[in-house]
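Residue strings, one per chain:
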Amino acid sequence: MEAQAAQLEEVRDSEERYQLATYKKMPIVAERGDGVWIYASDGERYLDLYGGHAVAGTGHCHPHVVAAIREQAERLLFYSNLVYSKARAAAAEKLVAIAPADLTKAFFCNSGTEANENAMRMARLTTGASHVITFSGGFHGRTADAISATFLGKYRELGKPNVPGHLEAEFGNIESVRALADENVAAIMLEPIQSMAGVRMAGSEFYRELRELCDERQIVLIYDEVQTGVGRIGDWFFAGSDAGSRVVPDIITLAKALGSGIPVGACLVTEKISAGIKENDLGTTFGGGMIAMAAVSATLEAIENDGMLANVRAVETYLRLRLKEVPQVTAVRGRGFLLGLEFREKAAPIHKALLDRRIITGTSSDPNVLRLLPPLCLNNSEVDLFVATLKDAVDA
């Protein structure tokens, strides 16, 4: 135990000495992963119900994804979009094939914030307008345009001076959007489920009314599906699903689970949007690189081959049923494997108590909400372990 504690201290001291501060870190030196489990340097294993910010969609080190990355790495690590690539062509074709029918072109980048930046740029190029409406509680990234579109807690303040032309509407209130949606507005962008705000959804009619408003006023509708996309809600995307009245936006942005841990982001767009994009309007050095493209194709294949969409739907139902046994949980928000557990009291002590019992969960900007974003391969026995541990944690 002393040697393990010393190793944790050594790694912690090294990171804090040489790395800029980012997040408050858990006292874990992660060594390897397998499915829904993370194995630490001290020999302990942790049930990972957070997935490293919703990234580990197929589970940690899914063998099909690992094999595809290894095979591509032995062939060609990288070349830019200045050449054609079989790996890029295959990933784009696969991604468009699972998208709602109206979304026919893909643009690859490196992250969710880049996808959102490029989505807003495409909307401005398409419409000639400059302003973007986003929503209270929404989070869209930390680069200049994306953080300026973020109206959640401290984040927009961190991005000052903000990019001008960003307007805030009330999530779920269509009249607040109508009041802002004039001829200067190029796009309306939203997380269809606001994750960091505490896993908030609007009524299904809100998404339909947004679509109708955008059609009426020639505004581009953007769904930020960085977290909801790639199977997390039990459908490939929130777009086109029953959860949002089957509404399909003009652009979907993706990242997080898209590469199973290899950094990659994407925009899926309609023909109308793509028709207005010329060479050199968009650019990216690393976006569409071969390793990332191999990871994208393999990720989508793994989700299909293992029946993970059906698994998410079935295990969500079971998890909701089991959570009824925990009276301190007053509500379960969200969809699929993007769930917010609302407690009577603050969630932070429960988060810590679970971590002490080797279960990783996430907090949110709502102090009473604990977030679950597990790999899509989570099963019922692991739910049983979580619920039993949660009962113990809330009692403590």
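Located above this text is the structure these notes cover.
Residues numbered from 1 in each chain as written. Predicted model: local features only at pLDDT ≥ 70, side-chain atom pairs only at ≥ 80, totals over all residues. Heavy atoms only, no water.

**Student:** Even after reading the chapter, I still don't get a nonpolar patch on the surface, so can you show me in this structure?
**Tutor:** A cluster of nonpolar residues, L76, Y79, L82 and V83, forms a patch on the protein surface that exposes about 400 Å² of accessible area. For L82, the location among the structural elements is in the loop between α3 (63-75) and α4 (86-98). (Patch = residues over 30% accessible without salt bridge, like charges linked within 9 Å, V, L, I, M, F, W, Y side chains within 5 Å. Areas by Shrake-Rupley, 256 points an atom, 1.4 Å probe, with all protein chains shown as cover. Salt bridge = Lys/Arg side-chain N within 4 Å of Asp/Glu carboxyl O. Helix = DSSP H or I, 4+ residues; strand = E, 2+ residues; numbered from the N terminus.)

**Student:** So what exactly am I meant to see when it comes to the sheet that holds strand β1 (residues 30-34) here?
**Tutor:** Adjacent strands of a sheet form backbone hydrogen bonds with each other and so pair up, either parallel or antiparallel. Taken in spatial order, the four strands line up as β1-β2-β3-β15 in an open sheet, and their pairing is mixed. A strand with exactly one partner marks an edge of an open sheet, and here the two such strands are β1 and β15 (359-360). Two strands pair when backbone bridges link them, and strand β3 (residues 45-48) and β15 are joined in this way by two bridges, in the parallel orientation. Bridge pairing in β15 links L47 to I359. (Pairing = 2+ DSSP bridges.)

**Student:** Sorry, what's going on with the state of the cysteines here?
**Tutor:** A covalent bond between the sulfur atoms of two cysteines is referred to as a disulfide. If you walk through the whole model with that rule in mind, you get zero disulfides. In this structure C109 is a free cysteine whose sulfur lies 5.5 Å from that of C267, the closest cysteine sulfur available. The thiol sulfur of C377 is not disulfide-bonded, and the nearest other cysteine sulfur, from C61, lies at 11 Å. Overall, C377 belongs to the partly exposed group, its relative accessible area being 29%. (Disulfide = S-S within 2.5 Å. Buried < 20%, exposed > 50% of the residue type's maximum accessible area, 1.4 Å probe, protein only.)

**Student:** What am I meant to see in the pairing of strand β14 (residues 338-343) here?
**Tutor:** Every regular strand shows the same layout, with side chains that alternate between the two sheet faces. Burial of β14 is extensive: five of the six residues sit out of reach of the surface. Sheet topology note: the strand β13 (residues 329-335)/β14 ladder contains six bridges and is antiparallel. From the neighbouring strand, A331 faces β14, where its bridge partner is E342. Connecting β13 to the next strand, β14, in antiparallel fashion are two residues, including G336 with a positive phi near 60 degrees.

**Student:** Honestly, α3 in this entry has me stumped. Any pointers?
**Tutor:** The α-helix winds at 3.6 residues per turn, so residues separated by three or four positions along the chain end up facing the same way. In this model α3 runs 19 Å from its N-terminal to its C-terminal C-alpha over 13 residues, within 8% of the 18 Å that 1.5 Å per residue would give. Listed in full, the buried residues belonging to α3 are V65, A68 and Q72. Each buried residue of α3 lies within a common arc of 65 degrees when the element is viewed along its axis, so the set occupies one face. Opposite the buried face of α3, at more than 90 degrees from it, the exposed residues are P63 and E74. Looking at the buried positions of α3, the neighbouring elements they touch are α4 and α11 (290-305). (Expected span 1.5 Å × (residues − 1). Arc of directions from axis to C-beta. Contact = heavy atoms within 4.5 Å.)

**Student:** Hey, could you run me through helix α13 (residues 348-356) in this one?
**Tutor:** Among the residues of α13, those classed as buried are I350, H351, A353, L354 and L355. Buried residues along α13 sit in contact with β3, β14, β15, β16 (369-372) and α14 (380-395). Note on α13: the residue one or two positions beyond its end, R358, has a positive phi of about 70 degrees.

**Student:** Help me out: how do you make sense of the sheet that holds β16 in this one?
**Tutor:** Ordered in space as β13-β14-β16, the three strands form an open sheet in which the pairing is antiparallel. The open sheet is flanked by β13 and β16, the only strands paired with a single partner. The average angle at which neighbouring strand axes cross in this sheet is 20 degrees, direction not considered. As paired strands, β14 and β16 are joined by four bridges and run antiparallel to one another. Its bridge partner lying in β16, L341 is registered against L370. In this fold α14 packs onto β13, β14 and β16, with an angle of close to 25 degrees to the strand it touches most, β14. (Axes fitted to C-alpha atoms, helices over the stretch in contact; angles between N-to-C directions.)

By themselves, these observations are geometric and do not establish any function.
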